[in-house]
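Letter by letter, the chains look like this.
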Amino acid sequence: MKKIFIINGGQSFAHSGGQFNETLTAVTETFFKNQPGFEVKTTHVSENYNPKEEVEKYKWADIVIYHTPVWWFQLPHGFKKYIDVVFTEGHNNGIYRSDGRSSQNPAINYGTGGLLHGRQYMLTTSWNAPKEAFTLPNEFFMETSVDNGPLFGFHRMNAFTGMNPLESFHFHDVEKNADIKRDMIAYTQHLEKLFVSTEVVS
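Per chain, the residues get numbers from 1 upward, laid out in the order the sequence is written. Per-residue local features are limited, in this predicted model, to residues with pLDDT of at least 70; the limit for side-chain atom pairs, both in listing and counting, is 80 or more; totals at the level of whole chains, interfaces and linings are taken over all residues. Working from all heavy atoms in the structure, the side-chain values ignore hydrogens and water.

**Q** Describe the packing of aromatic side chains, and please don't skip the residues or the numbers.
**A** Note on ring pairs: Phe, Tyr and Trp rings are taken, using the six-membered ring of Trp, and paired if centres are within 6.5 Å. Classes follow the plane angle, with under 30 degrees stacked, over 60 edge-to-face and the rest tilted. In the structure shown here, the tally under the stated rule is 25 aromatic pairs. With a centroid separation of 5.0 Å and an interplanar angle of 75°, the aromatic rings of phenylalanine 20 and phenylalanine 171 are classed as edge-to-face. Of this pair, phenylalanine 20 sits in helix α1 (residues 19-33) while phenylalanine 171 sits in strand β6 (residues 169-171), and the two are 151 residues apart along the sequence. Accessibility here uses a 1.4 Å probe with only protein chains present; expressed as a share of the type maximum, an area under 20% marks a residue as buried, one over 50% as exposed, and anything in between as partly exposed. Since its relative accessible area comes to 14%, phenylalanine 20 is described here as buried. When the ring of phenylalanine 140 is compared with that of phenylalanine 141, the centres are 4.9 Å apart and the planes differ by 85°; the resulting orientation is edge-to-face. Its relative accessible area of 57% is what places phenylalanine 140 among the exposed residues. Among the aromatic residues, those joined into a cluster by ring pairs are Tyr49, Tyr66, Phe79, Tyr82, Tyr121 and Phe154. The criterion for a charge sitting over a ring is simple: Lys NZ or Arg CZ within 6 Å of the ring centre, and within 35 degrees of the ring normal. The aromatic ring of tryptophan 60 is capped on one face by lysine 41, whose charged end is 4.5 Å from the ring centroid. Each helix is a run of DSSP H or I of at least 4 residues and each strand a run of E of at least 2, with the numbering of both proceeding from the N terminus.

**Q** Could you give me a rundown of the pattern of salt bridges, with the residues and numbers involved?
**A** What makes a salt bridge here is a side-chain nitrogen of Lys or Arg within 4 Å of a carboxyl oxygen of Asp or Glu, nothing more. For the coordinates displayed, the defined rule picks out eight salt bridges. In this structure, the salt-bridge partner of aspartate 99 is arginine 101, at a minimum N-O distance of 2.9 Å. Among the salt bridges present, the one from glutamate 167 reaches lysine 193, with a minimum N-O distance of 2.9 Å. One end of the pair, glutamate 167, is in the loop between β5 (164-165) and β6; the other, lysine 193, is in helix α6 (residues 180-197), and 26 residues separate them in sequence. Given a relative accessible area of 43%, glutamate 167 falls into the partly exposed group. Given the relative accessible area of 41%, lysine 193 is considered partly exposed.

**Q** How would you explain the packing of helix α2 (residues 51-60) against helix α3 (residues 77-89) if you had to name every residue and give the values?
**A** Viewed as axis vectors pointing N to C, α2 and α3 meet at an angle of 80°, and their least axial separation amounts to 8 Å. Taken together, the axes of α2 and α3 lie roughly perpendicular to each other. Of α3, the residues touching α2 (which contributes Pro51, Lys52, Glu54, Val55 and Tyr58) are Tyr82, Ile83, Val85, Val86, Phe87 and Glu89. Of the residues contributing to the contact of α2 with α3, the split by class is eight nonpolar, no polar and three charged. Lines are fitted to the C-alpha atoms to define the axes, a helix being fitted only along its stretch in contact, and any angle between axes, read from their N-to-C directions, falls within 0 to 180 degrees. Any angle that falls under 35 degrees is termed roughly parallel, while one over 145 is termed roughly antiparallel, one within 65 to 115 roughly perpendicular, and all others oblique. Any pair of residues with heavy atoms lying within 4.5 Å of one another is described as a contacting pair. Put simply, Ala, Val, Leu, Ile, Met, Phe, Trp, Tyr, Cys and Pro go in the nonpolar bin, Asp, Glu, Lys and Arg in the charged bin, and everything else, Gly too, in the polar bin.

By themselves these figures say nothing about function.
See below:
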C-alpha cells in the first residue's frame, strides 16, 4: 500500500475564499480512495492541527501532495506557518537532523541532514497569472518556470528534508478565467500518468 499525505495549503483571507484548493483536495482524496493500493491522510492548514501528529503524518507517508495557492509570489501565511511549526517539531524527530554540515568542514554538505529519504512529494499551485506570463519573452516572469522561479525555495526546502520531487502541476488564470471542470480533468490525467499508468519510482 502506498501511503499518501495530502496537505491543503489554501485559506480564506481577503478576497480569497479557498474554494479552489478545497475542490482540488477533494478531487485528490477521491482519486486515491478509488484506486487500489493507496491509503490517504489529509490536513487542512487553516484548521486546528497538532504539530506532533503532523510530523507523524510526514513520517508515515510515502508521498506528500501539497496544494497551495500563491499569494504575492509566495506561500500563503497560514501554510508558511504550518511548515515552520511542523518542521521545527520534526527536528531530530523524523524530518531533519541538522543542516548536514560538520564542524570539521563547515563549507560543504549543507542541506544533507534530512531524515525523509525514500519519500517523494508533488506540488500543485494555483495562480491568477496566466501561463504565458512564465513562457513568453518580455512577460512578467522572464521565461522562468514556476518551479525554477517563485517556488524554487519550496523545492529546496523539501530537498533539505531528503524528499524527491514528482512532476508538479500548476493552475493558471484561476481568478479571471477559471474553468474548474477543465482543470480537474487535466489534473486527474496528471495523477493517472504519475500513479496509475506507471508505478511511482521509489
